[in-house]
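# Structure at a glance
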Amino acid sequence: MKRIIYLSLCACLLTSCSLDLQPENGLTYSNSFNTEKELNATTTSIQYYINTTVGNNYDFATAGVLADNILDGNQLREWNPRTVITSEYSWKGFYDIIFESNLLLDNIDRTKDLSPERRNYHVGQAEFGLGLSYFLLAQRYGDAIITENSSVIKPYQQSSQEQVLAAAIEHAKKAYDVLPTWDKLTDLNGNAITNRQTASKGTATALLAQIYAWKGSVTELYHLKGNAQEDYQNAVKYATELIDNKVGSYQLCASPEVLCTYLSNEKSPNPEAIFSLYFDKTRSENVVSPNEIAQNYVSWPVREDQTLADLTSSTTYQLYKSTVETLFSDTTDKRLQAFFYQWGTQHDIDGTDYAIMYKFRKAIFDPDQYSPSGKSYRTVDADYVYWRLADIYLLRAECNQKLGNEAQAIADLNVIRNRAGALSYPSTYDTEGLKKAIFLEREKEFIGENDARYADIIRNGYVKEELQGKFKVLTNQDIQNGALFLPLPKDAWQDKDGHVINNQLRQKPYWQAYN
């Protein structure tokens, strides 16, 4: 008997400049892969789920964000176990990506008259989707499910973090093998694809560098099975391919100010961006940027519905000027002037001087008759640049430092410092060694921009030093038992009515006491 599975896809037509989301309902295995246009519905469905899932990292973003005050989520920031386990986290979005990617791979041979180049394009998007999903599942959950394909539906057991990372590497390598560089990407009509969300060889290379850097670090710090030094070497290898332009042409922006200009102008492709989540403003009248971190830092004057005095009551992430001065102790650093509004001016609210984030300078507002300004802030107007070249330089520096290659690590660190007009390492401000200097450089470079700080802390073993609340009293056994990862999400093993749908899954030991 022919088994037909009906899909309700929220698919999008990927063009050279936008993700135009078009719903595709009632597609079946038997009729949805005959032509490339039909195949493309699944490819763009993968893109849609990547766009709406990857940037959704509220729990770890809240726990790891550099901020002196936050309006919401203080108990989550303290890693209160009861708060964490009842928060609205879910891994469903990642398994939507995984299902759609497997669906494409399982059925692409049905597509007629598909050239080898076009086949590689579609396969590459699916393999990248699988690699990225398994990597982020490993980062956020540790153990996770590895599915066999799109048709085997059964209660799966969890696979270990090592196995999930191995799956991520396997799929990322397949994407790396078949994808062209970004400048050769075209859609099914032959038009150039210019957004940086569509996977290319460079994107797959960046993913491999990130996976190996994470794998080596958690293997070394948390005693997983594996060879950390070999992982660091692989991370350096793939990072070098990116930096040397062997997998696509990427350049650092000329200055922090130029970087900010690109971050706020998604119509002009950022030469430093390797992988970005595209802000599709056409999706609906209420759509927001995929970059929740940026939009939660933005305040007056970018928020035209605010005055300075409103910052403490309506800006989610708030920074004291003293905190920024401590981080950027080298006052020659041009990032101070670029990343913060009127840096030399006092912005006093009730006796406290605040740093005003100015990395993202465009916002979207909706008419609001009840607001004094006549408008209300919806979102920052920007793509989410998830990985850019500066990240790769500093990731290579981190891995070389862990390999004992200090000269190479310092050289990469100083590339980013020199771009910022800051003092080279070592300077009088570098009092905690090279490893911490690289970590702090990442903190300075990506402040207010992405959700990577929590992962940076875990990767470098700075949990008790850099995180708050419960993190400071975790024992080694707590960490081994899964305290640094999210608990198993409820929707993994029960349906919306509370019925068990997978009795093979087991909660991490640390979180069992709080169920």
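Residues numbered from 1 in each chain as written. Predicted model: local features only at pLDDT ≥ 70, side-chain atom pairs only at ≥ 80, totals over all residues. Heavy atoms only, no water.

## Quick notes on the overall build of the protein
- Helix and strand counts for the protein stand at 21 helices and 10 strands.
- With respect to the three principal axes, the spread of C-alpha positions in the protein is 75 × 55 × 50 Å.
- Expressed as a percentage of its 515 residues, the buried residues of the protein come to 58%.
- Sequence separation of 24 or more characterises 70% of the internal contacts of the protein that already satisfy a separation of 6 or more.
- For the protein, the exposed surface amounts to about 20900 Å²; the carbon and sulfur share of it is 47%.
- In the protein, 51 positive and 65 negative side-chain charges are present, and the distance between their average locations comes to 3 Å. (Helix = DSSP H or I, 4+ residues; strand = E, 2+ residues; numbered from the N terminus. Buried < 20%, exposed > 50% of the residue type's maximum accessible area, 1.4 Å probe, protein only. Contact = heavy atoms within 4.5 Å. Areas by Shrake-Rupley, 256 points an atom, 1.4 Å probe, with all protein chains shown as cover. Lys, Arg positive; Asp, Glu negative; His and termini not counted. Charge placed at Lys NZ, Arg CZ, Asp CG, Glu CD.)

## A few points about the packing of aromatic side chains
- Summed over all chains, the structure comprises 28 aromatic pairs.
- Grouped by ring-pair contacts, the aromatic residues F60, W79, Y454, F471, Y510, W511 and Y514 constitute a single cluster.
- The aromatic ring of W343 is capped on one face by K321, whose charged end is 5.1 Å from the ring centroid. (Phe/Tyr/Trp six-rings, centres within 6.5 Å; stacked < 30°, edge-to-face > 60°. Lys NZ or Arg CZ within 6 Å of the ring centre and 35° of its normal.)

## Some words on helix 8 (residues 201-222)
- A rise of 1.5 Å per residue sets the reference length of helix 8, with its 22 residues, at 32 Å; its end C-alpha atoms lie 31 Å apart and thus fit the reference within 8%.
- The buried fraction of helix 8 amounts to 20 of the 22 residues, a majority that puts the element mostly inside the structure.
- Of the residues one or two after helix 8, H223 is the one with positive phi, at around 60°. (Expected span 1.5 Å × (residues − 1).)

## As for unusual backbone geometry
- Cis geometry is found at the peptide bond from W300 to P301, where omega equals 5°.
- Look at the link from Y425 to P426: it is a cis peptide, with omega at -5°.
- As for its position among the elements, P426 is in the loop between helix 16 (406-419) and helix 17 (434-445).
- With phi around 60°, W79 is a residue other than glycine that occupies positive phi space.
- Along the chain, W79 turns up in the loop between helix 3 (74-77) and helix 4 (81-86).
- Among the residues examined, W79 registers a relative accessible area of 0% and is labelled buried.
- The residue D113 is not glycine, and still its phi comes out positive at about 60°.
- Examined against the element boundaries, D113 turns out to sit in the loop between helix 5 (92-107) and helix 6 (116-141).

## Considerations on the sheet that holds strand 5 (residues 317-320)
- Taken in spatial order, the four strands make up an open sheet running 3-5-7-6, and their pairing is antiparallel. In this open sheet, the two strands that pair with only one neighbour each are strand 3 (69-70) and strand 6 (348-349). (Pairing = 2+ DSSP bridges.)

## Side note on the confidence of the model for the protein
- Residue-level pLDDT values for the protein average 92, and 94% of them are 70 or greater.
- Contacts of residues 1-27 to residues separated by more than four positions or lying in other chains number 84 contacts, the stretch itself having pLDDT below 50. (pLDDT = per-residue confidence, 0-100.)

## Considerations on the packing of helix 17 against helix 18 (residues 453-460)
- It is at 10 Å that the axes of helix 17 and helix 18 come closest, and there the two elements cross at 170°. One finds that helix 17 runs roughly antiparallel with respect to helix 18. Contacts between helix 17 and helix 18 involve K435, F439, R442 and E443 on the former and, on the latter, R453, D456, I457, R459 and N460. (Axes fitted to C-alpha atoms, helices over the stretch in contact; angles between N-to-C directions. Parallel < 35°, antiparallel > 145°, perpendicular 65-115°, else oblique.)

## Looking at the side chain of D333
- Positionally, D333 belongs in the loop between helix 13 (321-327) and helix 14 (335-339).
- The class for D333 is buried, based on a relative accessible area of 2%.

## Things to note about the packing of helix 8 against helix 18
- Axis separation between helix 8 and helix 18 bottoms out at 8 Å; the angle between their running directions is 45°. The orientation of helix 8 with respect to helix 18, classified from their angle, is oblique. Contacts between helix 8 and helix 18 involve A213, W214, S217, L221 and Y222 from the former and A455, I458, R459 and N460 from the latter.

## Brief notes about the pairing of strand 7 (residues 352-355)
- With two bridges connecting them, strand 5 and strand 7 associate as antiparallel partners. Paired with Y320 across the bridge in strand 7 is Y354.
- Once strand 6 ends, the chain turns through two residues before running back antiparallel as strand 7, passing D350 with a positive phi of about 50°.

## So, the state of the cysteines
- Under the defined criterion, the tally for this structure stands at zero disulfides.
- This cysteine, C253, is not joined by any disulfide, and C260 carries the nearest cysteine sulfur, 9.2 Å off. (Disulfide = S-S within 2.5 Å.)

## Points about the environment of Y141
- Tracing the chain through its elements places Y141 in helix 6.
- The class of Y141 is buried, set by a relative accessible area of 2%.
- Taking the C-alpha atoms as reference, Y141 lies 31 Å from V324; in sequence the two are 183 residues apart.
- With residues near it in sequence (within four places) discarded, Y141 still touches Y89, S90, W91, F485, L486, P487, P489 and K508.

## Some words on the pattern of salt bridges
- Counted according to the given criterion, the structure contains 37 salt bridges.
- Residue D231 is joined to K215 by a salt bridge in which the shortest nitrogen-to-oxygen separation is 3.3 Å. Placement of the pair is D231 in helix 9 (residues 228-243) and K215 in helix 8, with a sequence separation of 16 residues.
- The residue K321 makes a salt bridge to D353 at a minimum N-O spacing of 4.0 Å. With a gap of 32 residues between them, K321 in helix 13 and D353 in strand 7 connect regions that are remote in the sequence.
- Among the residues examined, K321 registers a relative accessible area of 13% and is labelled buried.
- Connected via shared salt-bridge partners are E272, D333, R335, K359, R388, R417, R419, D430, E441, K444, E445 and E449. (Salt bridge = Lys/Arg side-chain N within 4 Å of Asp/Glu carboxyl O.)

## What to know about the environment of W343
- For W343, the location among the structural elements is in the loop between helix 14 and strand 6.
- A residue is classified by how much of its surface remains accessible, and W343, at 12% relative accessible area, is buried.
- Once the C-alpha coordinates of W343 and S313 are considered, the two residues, 30 residues apart in sequence, prove to be 21 Å apart.
- In contact with W343, not counting residues within four places along its chain, are K321, V324, E325, L336, Q337 and A355.

## Looking at the side chain of R118
- Mapping R118 onto the fold places it in helix 6.
- In this structure the side chain of R118 is engaged in a polar contact, spanning 2.7 Å, whose partner is the side chain of E36.
- With sequence-adjacent residues up to four places away left out, R118 is seen in contact with E36, T186, D187 and L188. (Polar contact = N/O pair within 3.5 Å; in protein donor to acceptor, adjacent residues only side chain to side chain.)

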